[in-house]
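# Observations on the model geometry
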Amino acid sequence: MPSSSAVQDQLTDILVGAVGCHAREVRPGAVLANLGTDSLTLVEVGEELGRRFDVYLSDDTIDSMVTVQDAIDAVVRHDGSQPPADAPRVPSSVATTPPRATRYET
């Protein structure tokens, strides 16, 4: 099992890339929505955590992630659940974190 600090480091990297928050904001008690996640981004964050740590995070698990600590715990305390047999598998070489939105000055 990965350590909490390893998961937090990866989660920080994912969140900074996905929502553009500052790395220093990604603390265990931080609320993910306050960092800039919405329901779609949260799914993407959960899936990327799963890819990076080779675990499957169910929809229910991802939906229950409210704080950074919840996301860390989802990986560290992973229960060994597997994706449904009919779920499509995306190879990690194809799957990437979505690019951040770029703001253009006009």
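An account of the accompanying structure is given in this report.

### Remarks on the side chain of Thr67
Relative to the assigned elements, Thr67 resides in the loop between helix H4 (59–63) and helix H5 (68–76). With a relative accessible area of 16%, Thr67 lands in the buried category. Sequence-distant contacts of Thr67, defined by excluding residues within four places in its chain, comprise Pro28, Gly29, Ala30, Val31 and Leu32.

### Description of the pattern of salt bridges
Enumeration according to the criterion identifies four salt bridges in this entry. The partner of Arg51 in a salt bridge is Glu48, with the nearest N and O atoms 3.0 Å apart. Separated by three residues within a single helix, Arg51 and Glu48 lie in helix H3 (residues 39–53), roughly one turn from each other. Judged by its relative accessible area of 28%, Arg51 is partly exposed. Overall, the relative accessible area of 8% leaves Glu48 in the buried class.

### Overview of helix H1 (residues 4–19)
For H1, which comprises 16 residues, the first-to-last C-alpha distance of 21 Å matches the rise-based estimate of 22 Å (1.5 Å per residue) to within 8%. Regarding H1, the residues found buried are Val7, Leu11, Thr12, Ile14 and Leu15. For H1, the secondary structure elements touched by its buried residues are helix H2 (32–35), H3 and H5. At the C-terminal side of H1, Gly20 shows a positive phi close to 75°.

### Topic: the environment of His22
Summarising the element assignment, His22 is placed in the loop between H1 and H2. His22 sits in the partly exposed class, given a relative accessible area of 44%.

Rules used throughout
- Residues numbered from 1 in each chain as written.
- Predicted model: local features only at pLDDT ≥ 70, side-chain atom pairs only at ≥ 80, totals over all residues.
- Heavy atoms only, no water.
- Helix = DSSP H or I, 4+ residues; strand = E, 2+ residues; numbered from the N terminus.
- Buried < 20%, exposed > 50% of the residue type's maximum accessible area, 1.4 Å probe, protein only.
- Contact = heavy atoms within 4.5 Å.
- Salt bridge = Lys/Arg side-chain N within 4 Å of Asp/Glu carboxyl O.
- Expected span 1.5 Å × (residues − 1).

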